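Below, each chain spelled out in residue letters.
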Amino acid sequence: MIPTAVIQQAEQEFLDWNGSGMNVMEMSHRGKEFTSIANKADADLREVMAIPENYKVLFLQGGASGQFSSIPMNLLRGRTTADYFNTGQWSKKAIQEAKRYCDVNVVASSEENNFSTVPSKSAWKLNPDAAYVHYTANETIGGVEFDDIPDTGDVPLVVDLSSTILSRPIDVSRFGLIYAGAQKNIGPAGLTLVIVRDDLIGNAIPSTPITLDYKIQADNDSMYNTPPTYALYIAGLVFQWLKKLGGLKAMGEINQRKAEKLYSAIDNSGFYQNPVEKQYRSWMNIPFTLNNADLDAAFLAGAKTAGLLTLKGHRSVGGMRASIYNAMPEEGVDALISYMQKFAKQNR
Ligand SMILES: *Cc1c(COP(=O)(O)O)cnc(C)c1O
């Protein structure tokens, strides 16, 4: 979801942004109107996430998957190996792509546990010579989330924050690089956010495509080429919405409440199940199964009638998945819980 207030503001400004006589998507990305939109988005995001001055904020394209390649190209810095955690489908894809550029040391894997947990610290095998350590903070498909930021000493930490960015406060200074596709918790698809520490850029491997070189994009304020202007504009409205709401602390409290309610409804139902170890349960993506999978189709059909959409689980795991990102209001979660209770009662 995108916050309703944001969609309404975009609608009001659709034919004439701020007296300019233009829709934002008609503007030159180098004109003063769009420059002011981009600068405000940058400043608001820095404020909302408390991003320190020695970090660049880049608004790019190519999705989080594009970063699976950009990260090794830019951050290997002459080294030949990188550390990766393997905690689910997105980790696996990041690892597979990194292997085209370097040796990958898998620090720890939860694959033998069907990705239902995060491997315990005692099992981690960090390599002090790694160029960086990569992890997926929240596995969107499995609904598994790290409960803490891994401590990697002097080795820069890189995080795929696609499905959990802006969901609660996070200490940016612990990271070398943070990246996220916008479409989960920021705004429309097509925009990719990278937050990178100054000292890590400027050493891309020579064959790096110029648009993927962080230093080139940083030196050009993310406008070496045309950025996805409309997506960036909507993301900027989302940052303003977050500020008005009280920032990430307020957002985090709402999100925690939403998630706890839904997990408790699942755990207490005797009808639904969530497979993830409690300590590592995601606040954003809550997969669940019906004890009787023959009822899946009826559950989804009834949900649709009740106005509860896109609950079908990822094609690779089946079952159901409730993605309750920032813009999903608490009433939406309440509506899902009451539908689940009603359905269980009728089908027990
Ligand atoms: C959705 C997602 C991706 C892929 O994002 P694209 O922008 O489609 O490339 C990568 N990582 C995580 C954690 C995701 O949720």
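Residues numbered from 1 in each chain as written. Predicted model: local features only at pLDDT ≥ 70, side-chain atom pairs only at ≥ 80, totals over all residues. Heavy atoms only, no water.

Things to note about the pairing of strand β4 (residues 133-136)
Argument step 1. Burial along β4 is two-sided: the residues V133 and Y135 and H134 and T136 are all buried.
Argument step 2. Here strand β2 (residues 81-86) runs beside β4; their pairing, made up of 2 bridges, is parallel. Residue pairing in the sheet places D83 in a bridge with V133 of β4.
Argument step 3. Summarising the sheet, β4 and strand β7 (residues 157-160) pair through 4 bridges and their orientation is parallel. Paired with V133 across the two strands is L157, which belongs to β7. (Buried < 20%, exposed > 50% of the residue type's maximum accessible area, 1.4 Å probe, protein only. Helix = DSSP H or I, 4+ residues; strand = E, 2+ residues; numbered from the N terminus. Pairing = 2+ DSSP bridges.)

Section: the packing of helix α3 (residues 63-75) against helix α4 (residues 89-98)
Argument step 1. At a closest axis distance of 9 Å, the pairing of α3 and α4 adopts a crossing angle of 40°. Judged by the inter-axis angle, α3 sits oblique to α4. Along this stretch, α3 crosses α4, giving a crossing that reads as right-handed. Contact with α3, carried on its side by S65, F68, S69 and P72, involves W90, K93, A94, E97 and A98 of α4 and no other residues of that element.
Argument step 2. A breakdown of the residues in the contact of α3 with α4 according to their chemical character gives 5 nonpolar, 2 polar and 2 charged. (Axes fitted to C-alpha atoms, helices over the stretch in contact; angles between N-to-C directions. Parallel < 35°, antiparallel > 145°, perpendicular 65-115°, else oblique. Left-handed = near helix turned anticlockwise from the far one by under 90°. Contact = heavy atoms within 4.5 Å. Nonpolar A, V, L, I, M, F, W, Y, C, P; charged D, E, K, R; others polar.)

Observations regarding the sheet that holds strand β11 (residues 285-290)
Argument step 1. Pairing is antiparallel across the open sheet formed by 3 strands, whose spatial order is β10-β11-β12. If you trace the sheet from one side to the other, it starts and ends with β10 (272-273) and β12 (320-323), each paired once.
Argument step 2. Where β10 meets β11, 2 bridges bridge the pair, whose relative direction is antiparallel. Bridge assignment links Q273 to a residue of β11, and that residue is T289.
Argument step 3. Each of β10, β11 and β12 is contacted by helix α7 (residues 247-267), which is oriented at about 15° to β11, the strand it contacts most.

Quick look at the packing of aromatic side chains
Argument step 1. For the structure shown, the criterion picks out 15 aromatic pairs.
Argument step 2. With centroids separated by 6.4 Å and ring planes inclined at 70°, the aromatic side chains of F85 and Y135 adopt a geometry described as edge-to-face. Of this pair, F85 sits in strand β2 while Y135 sits in strand β4; the two residues are 50 residues apart in sequence, bridging distant segments of the chain.
Argument step 3. Using a relative accessible area of 3% as the deciding quantity, one classes Y135 as buried.
Argument step 4. Centre to centre, the rings of F85 and F146 are 5.6 Å apart; their planes meet at 85°, and the pair counts as edge-to-face. Of this pair, F85 sits in strand β2 while F146 is found in the loop between β6 (144-145) and β7, placing the two residues 61 residues apart along the sequence. Here F85 matches F146 in class, with each residue buried.
Argument step 5. These aromatic residues form a ring-pair network of at least three members: F271, Y272, F288, F299, Y339 and F343.
Argument step 6. Above the plane of the ring of W283 lies R168, whose end atom (NZ or CZ) is 3.7 Å from the centre. (Phe/Tyr/Trp six-rings, centres within 6.5 Å; stacked < 30°, edge-to-face > 60°. Lys NZ or Arg CZ within 6 Å of the ring centre and 35° of its normal.)

A closer look at the domain arrangement of the protein chain
Argument step 1. As assigned here, the protein chain comprises domain 1 (4-245) and domain 2 (247-346).
Argument step 2. Distance between the C-alpha centres of domain 1 and domain 2: 27 Å.
Argument step 3. Counting from both sides, the interface comprises 26 residues of domain 1 and, opposite them, 27 residues of domain 2.
Argument step 4. Buried surface at the junction of domain 1 and domain 2, summed over both partners, amounts to about 2200 Å²; 57% is from carbon and sulfur atoms.
Argument step 5. Considering only the side of domain 1, the residues that lose the most area to domain 2 are I141, R168 and L245, jointly responsible for 22% of the buried surface there.
Argument step 6. Taken together, the connections running from domain 1 to domain 2 amount to 0 salt bridges.
Argument step 7. Where domain 1 packs against domain 2, one counts 13 residue pairs in polar contact (both at pLDDT 80 or more).
Argument step 8. The set of elements that each furnish at least two residues to the side of domain 1 that touches domain 2 consists of α2 (32-49), β6 and α6 (229-245).
Argument step 9. No other element matches α6, which puts 4 residues into the side of domain 1 that touches domain 2.
Argument step 10. Within the side of domain 1 that touches domain 2, the residues separate by chemical class into 10 nonpolar, 11 polar and 5 charged. (Domains from an automatic or database assignment. Buried area = accessible area lost by both parts, 1.4 Å probe. Salt bridge = Lys/Arg side-chain N within 4 Å of Asp/Glu carboxyl O. Polar contact = N/O pair within 3.5 Å; in protein donor to acceptor, adjacent residues only side chain to side chain.)

Some remarks on α7
Argument step 1. Between the first and last C-alpha of α7 there are 30 Å, a value that for 21 residues agrees with the 30 Å anticipated at 1.5 Å per step.
Argument step 2. If you check which residues of α7 are buried, you get G247, L248, M251, G252, N255, K258, A259, L262, Y263, A265 and I266.
Argument step 3. Where α7 is buried, its residues meet α2, α6, β10, β11, β12 and α9 (330-347). (Expected span 1.5 Å × (residues − 1).)

What to know about helix α8 (residues 296-305)
Argument step 1. Of all the positions in α8, only D296, F299 and A303 are classed as buried. Buried residues of α8, seen end-on, are gathered within an arc of 65° and therefore sit on one face of the element. Those residues of α8 that are exposed and angled more than 90 degrees off the buried face are A297, K304 and T305.
Argument step 2. Looking at the buried positions of α8, the neighbouring elements they touch are β10, β11, β12 and α9.
Argument step 3. Looking one or two residues beyond α8, the residue adopting positive phi is G307, at roughly 80°. (Arc of directions from axis to C-beta.)

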